[in-house]
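Listed below are the residues making up each chain.
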Amino acid sequence: MPSDSRIQITPATCGGPPPEDRPATAREDRSDLQSPRLRAKLARRLAQALAPALSAILDRPASPPTSPLATSLAQVSAGCTGGNDFAGALEPAVQEFQELYDRRPLTTNKGGMQFNDSLCLYLVARILAPTFVLESGSFQGHSAWLLRQALPDADILSCDIDHGQLRHRAEGVTFHEGDWVGASLPEIDPLRSLAWFDDHTDHCRRLAEAQARGFRHVLLDDNFPAENLYATGGPPVPTLAMALDPELADGEELVWRRRGKVYRYRFETKDTLDVATRIEKFVVLPDVTAITRYNPPSGMTYVRLKPPVPPT
Ligand SMILES: C[S@@+](CC[C@H](N)C(=O)[O-])C[C@H]1O[C@@H](n2cnc3c(N)ncnc32)[C@H](O)[C@@H]1O
């Protein structure tokens, strides 16, 4: 094993044979429930599991709810409806997602998001109701399509360093080939814009970049702690979870094996770019695998950034 390499991580592992050529496994999400009553029951269980985390996202500063779903959820949170059934208010949106997901144009998205992560992205988008979304990591185009469905009127910019695998270009989405920092952005309305990173690129760097451009709402995929780095190809190190882990020592070498190959990464505090000081709050979305039995989600995490510090 080489001992001096600081990092040996492939950029992102979404390659391989064309997805349609791959056989579906039993837990891939091409299998689904058809019985309406049981689908409704599944939606209820999902809404109950996700409600605590999503209600924490909705608690946001000085910005009125901007979508009917956000309004009804906000009313429930504030106790205006006489009840406190946040999960009940969320359930119709989960059912809408189930219907939408059945109609997704890309029925295989191996290497990209599947049911569990897609549900989280859909609900976060519906609740925040941004007017502009920056996506980094288009891959085949599934998440851009989903964002388009969740936010029919939003401006959506989807970036990827390589659009060679892009198979579906959702209508009205702008696709940019290249890193997002080189893309031209509209003026960012901080609380009505969302930056969504699913590009296997250093979370701390992405959060610093997003803050510098004025974003307050960020969604990160693959927020794995150091002890789970083997779970994805090309993890976005240092992940936010690593940066906030008090047990990781400066200079500690992390070694893991994935599919027979050994990877090493040296954790250095300076690489976290003081991310803890940039964050107002963060919410890790729960793992609903035990409810859906689909492939596990990847630690999707909502981050609310502090406003950028003006240059001195
Ligand atoms: C996990 S896939 C994204 C999955 C996608 N969001 C979906 O719909 O399921 C990661 C993608 O990030 C892209 N990527 C890697 N580095 C990037 C960078 N610096 N900027 C933008 N995209 C990048 C890869 O080319 C790959 O297509």
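Residues numbered from 1 in each chain as written. Predicted model: local features only at pLDDT ≥ 70, side-chain atom pairs only at ≥ 80, totals over all residues.

Caption draft 1: Structural detail: the overall build of the protein chain. What the protein chain contains, in helices and strands, is 9 helices and 9 strands. Counting every position in the protein chain, which comprises 312 residues, the buried fraction comes to 40%. A fraction of 67% describes how many contacts in the protein chain between residues 6 or more apart in sequence connect residues 24 or more apart. (Helix = DSSP H or I, 4+ residues; strand = E, 2+ residues; numbered from the N terminus. Buried ≥ 20, exposed ≤ 12 C-beta atoms within 10 Å, placed from the backbone. Contact = placed C-beta atoms within 7 Å.)

Caption draft 2: Here's a closer look at unusual backbone geometry. The linkage connecting Val-237 with the following residue, Pro-238, adopts the cis geometry, with an omega of -10°. By the secondary structure assignment, Pro-238 is in the loop between strand 5 (217-220) and helix 7 (240-243). One non-glycine residue with positive phi stands out, namely Arg-259, at about 50°. In this fold, Arg-259 is placed in the loop between strand 6 (253-258) and strand 7 (261-266). Of the residues examined, Arg-259 has 7 C-beta atoms within 10 Å and is grouped as exposed. With phi around 50°, Leu-273 is a residue other than glycine that occupies positive phi space. Mapped onto the secondary structure, Leu-273 falls in the loop between strand 7 and helix 8 (275-278).

Caption draft 3: Molecular detail of the sheet that holds strand 5. Here 7 strands make up an open sheet; going across it, the order is 3-2-1-4-5-9-8 and the pairing mixed. Single-partner strands in this sheet number two, and they are strand 3 (173-177) and strand 8 (279-284). With direction set aside, neighbouring strand axes in the sheet form an average angle of 15°. Direction of pairing for strand 2 (residues 155-160) relative to strand 3: parallel, over a ladder of 5 bridges. From the neighbouring strand, Leu-157 faces strand 3, where its bridge partner is Thr-174. Set on the sheet, helix 6 (residues 203-212) makes contact with strand 4 (193-197), strand 5 and strand 9 (301-305); between it and strand 9 the angle comes to about 40°. (Pairing = 2+ DSSP bridges. Axes fitted to C-alpha atoms, helices over the stretch in contact; angles between N-to-C directions.)

Caption draft 4: Region of interest: the nonpolar core. Counting 73 residues, the largest nonpolar core has Leu-50, Leu-90, Leu-123, Val-124, Ala-125 and Val-218 as its most contacted members. Looking at this core, the element that brings in the most residues is helix 4 (residues 115-128), giving 10 residues. (Core = buried A, V, L, I, M, F, W, Y, C linked by C-beta atoms within 7 Å.)

Caption draft 5: Region of the structure containing the site of the ligand. Close to the ligand lie 22 residues, the nearest being Gly-112, Gly-137, Phe-139, His-142 and Ser-143. For the shell around the ligand, the elements supplying multiple residues, two or more each, are helix 5 (142-150) and strand 2. Of the residues contributing to the shell around the ligand, the split by class is 7 nonpolar, 10 polar and 5 charged. (Near = placed C-beta within 6 Å. Nonpolar A, V, L, I, M, F, W, Y, C, P; charged D, E, K, R; others polar.)

Caption draft 6: Spotlight on helix 6. Of all 10 residues that make up helix 6, 7 are buried, and the element is covered over most of its length. Contact partners of the buried residues in helix 6: strand 4, strand 5, helix 7, helix 8 and strand 9. Backbone geometry just downstream of helix 6 places Gly-214 in the positive-phi region, at approximately 95°.

Caption draft 7: Main features of the packing of helix 3 (residues 86-102) against helix 4. Running from amino to carboxyl end, helix 3 crosses helix 4 at an angle of 125°, the nearest separation of the two axes being 10 Å. With respect to helix 4, the axis of helix 3 lies oblique. Helix 4 is crossed by helix 3, and the crossing has right-handed handedness. Listed contacts from helix 4 to Ala-93, Phe-97 and Tyr-101 of helix 3 are Phe-115, Ser-118, Leu-119, Tyr-122, Leu-123 and Arg-126. (Parallel < 35°, antiparallel > 145°, perpendicular 65-115°, else oblique. Left-handed = near helix turned anticlockwise from the far one by under 90°.)

Caption draft 8: Here's a closer look at the environment of Leu-244. With respect to the helices and strands, Leu-244 occurs in the loop between helix 7 and strand 6. As a C-alpha pair, Leu-244 and Ala-276 span 32 residues in sequence and 6.8 Å in three-dimensional space.

Caption draft 9: A look at the confidence of the model for the protein chain. Across the protein chain, pLDDT averages 88, with 86% of residues at or above 70. Confidence over residues 1-7 falls short of pLDDT 50; this stretch has 5 contacts with residues more than four positions distant or in other chains. Counted against residues more than four places away or in other chains, residues 9-26, with its pLDDT under 50, gives 29 contacts. (pLDDT = per-residue confidence, 0-100.)

Caption draft 10: Just the pairing of strand 9, in detail. Most of strand 9 sits out of view: 4 of its 5 residues are buried. With 4 bridges joining them, strand 5 and strand 9 adopt antiparallel strand pairing. Looking at the pairing, Leu-220 lines up with Thr-301 of strand 9.

Caption draft 11: Region of the structure containing the packing of helix 1 (residues 36-58) against helix 4. Look at helix 1 against helix 4: their axes get within 11 Å of each other, and the N-to-C directions meet at 45°. With respect to each other, helix 1 and helix 4 are oriented oblique. Helix 4 is crossed by helix 1, and the crossing has right-handed handedness. Residues Leu-46, Leu-50, Leu-54, Ile-57 and Leu-58 of helix 1 touch helix 4, and the partners they reach there are Leu-119, Leu-123, Val-124 and Ile-127. Its residues assigned to classes, the contact of helix 1 with helix 4 shows 9 nonpolar, no polar and no charged.

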